[in-house]
Amino acid sequence: MRRTLVLVSLAVTSMVALAFLIPLALTVREIARDRALTTAERQASALGPVLVVTEDPAALERAVASTQAGAARRMAVHMPDGTVVPKQPGGEVVRVRPEQLAEAGRRGRWHTARVPDGWALLQPVALDAGRTAVVEVFIPDEELTRGVWQAWGVMTAVAAALVAGSVAVADRLGARMIRSTRRLAEAASAFGAGDLSVRIEPDGPPELVEASMAFNAMADHVVQLLAAEREMAADLSHRLRTPLAALRLNAEALGEGPVADQTREAVDRIEREVDQIIRTVRRPSRRGSCDAAKVLRERVEFWSVLAEDEGRSCELIGADRPAPLPLPAAELAAAVDALLGNIFRHTPEGTDFAVTLHVGEGITGILVADAGPGIADPEAALKRGQSGGGSTGLGLDIARRAAESTGGYLRIHRSVLGGAQIQMWFRTKWLPPPRRSRRLVRRRHSRT
């Protein structure tokens, strides 16, 4: 955003500066040219009265020498008889050609003619008996552009200063917006990672101030909802203690036997689950993180003992370097155990499997593949209670919830080993959603 604001300011200011600078530069050049021509025409016209009064070469030389152009040997008078005044030791001060003099006489008014190293202003002066003298004033090229380059340099410096100032102001404004936006993004990331106490001090443009206030209101509401949920779960768990105690007494009264043992085991399992619920709701809200590579090495090592007993080949790929994951180690271990346990439950003995860890930009994937018969209906398998094969679907559901808790997802594909491949993808940092073209959005709106 900051770079975009700077580029937009640079482009707009540059176009405005050029829109004024180019016409102004051309105007300055034309003013300098007109000034030089006007000065030359005024000096040439000053000899008109002298030529009317006298044609004496000495008087004409004095008149020519009294002018600025004559003193600089840039003026000459072409008499009707072909003589030129003044005559200098270095030669005549003449730069025009005869045909150019004849053209000036025919026109009867002053005009300019191109000569070497500049221009010549030719001013015809009517004498008696229909004769015409021509006053020549030489104007060097540098005289026509005197002061132009200095003026252009000053205008360019002013334009550059304006553009630089505009870019600096846009950069400061962009920095202010970026600071507010980054604070909002950091707060959202921290809140998503489990820090429910994070809040934002509204600052920046009005839109970002409004967004910050909305974030704070949302965070307060989420904290209230989580607190109410924890209280409800804790209260429900404690209420279950009384019927569980009655069930345990009844189970103890059953005596010995398979049915009594199964009943007591079920009561123990329910009691453990209730204890787990109480510990969960009392746990701090921050979720924590773990090293996915370390967790995978531990779980694969655990399951490799059973795999060796059943003649299965087990391979772990890509877990040779740390892979931070915004998920508690216990939750990741439970998800991996659920997927590996499904392989042992639903594939024949001797079926090989492999676990692959893939670390990408902002996302980490754990791929569990086997060489079993595969999953006939992946969509149904992702739904609790519809995974088929006698399974309750809890294994895939645990893995799916673990992935989705980080903003990721779970997919089922065919593995290169021939069986199923369960892919858990975890978000390790927030990524902006892909941009959709406006044309596509308009088309979707038009269909609705």
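Please read all numbers here as calculations on a predicted model, not as lab measurements.

A. View of the packing of aromatic side chains. Using the criterion set out here, one finds five aromatic pairs in the structure. Measuring from ring centre to ring centre gives 5.9 Å for F191 and F215, while their planes differ by 75°; the resulting arrangement is edge-to-face. Residue F191 is found in helix α7 (residues 148-192), and its partner F215 is found in helix α8 (residues 206-239); the two are separated by 24 residues along the sequence. Note on accessibility: F191 and F215 belong to one class, buried. Ring geometry for F344 against F353: centres 5.7 Å apart, planes inclined by 70°, an arrangement best described as edge-to-face. Given the relative accessible area of 12%, F344 is considered buried. With relative accessibility at 2%, the residue F353 sits in the buried group. Joined through ring pairs, the aromatic side chains of F302, W303, F344 and F353 make up one cluster. Between R312 and the ring centre of F344, over which it is positioned, the NZ or CZ distance is 4.7 Å.

B. Structural view of the packing of helix α1 (residues 2-45) against α7. At their nearest, the axes of α1 and α7 sit 9 Å apart, and the two run at 165° to each other. In terms of orientation, α1 lies roughly antiparallel with respect to α7. The handedness of the crossing between α1 and α7 is right-handed. Grouping the constituent residues of the contact of α1 with α7 by class yields 21 nonpolar, six polar and four charged.

C. Representation of the nonpolar core within the structure. Within the largest apolar cluster, 35 residues are counted, with the highest numbers of intra-cluster contacts made by L332, L340, L357, I366, M424 and F426. Only α11 (292-309), α12 (329-346), β11 (353-359), β12 (363-370), α14 (394-404), β13 (409-414) and β14 (420-427) provide two or more residues apiece to this core. For this core, the element with the most residues is α12, which contributes eight residues. Setting aside residues no more than four positions away along its own chain, M424 makes contact with A335, V336, L339, T364, G365, I366, A399, Y409 and L410. With 22 residues, the next largest nonpolar core counts A40, L47, L121 and V125 among its residues.

Parameters at a glance
Residues numbered from 1 in each chain as written. Predicted model: local features only at pLDDT ≥ 70, side-chain atom pairs only at ≥ 80, totals over all residues. Heavy atoms only, no water. Phe/Tyr/Trp six-rings, centres within 6.5 Å; stacked < 30°, edge-to-face > 60°. Helix = DSSP H or I, 4+ residues; strand = E, 2+ residues; numbered from the N terminus. Buried < 20%, exposed > 50% of the residue type's maximum accessible area, 1.4 Å probe, protein only. Lys NZ or Arg CZ within 6 Å of the ring centre and 35° of its normal. Axes fitted to C-alpha atoms, helices over the stretch in contact; angles between N-to-C directions. Parallel < 35°, antiparallel > 145°, perpendicular 65-115°, else oblique. Left-handed = near helix turned anticlockwise from the far one by under 90°. Nonpolar A, V, L, I, M, F, W, Y, C, P; charged D, E, K, R; others polar. Core = buried A, V, L, I, M, F, W, Y, C linked by side-chain atoms within 4.5 Å. Contact = heavy atoms within 4.5 Å.

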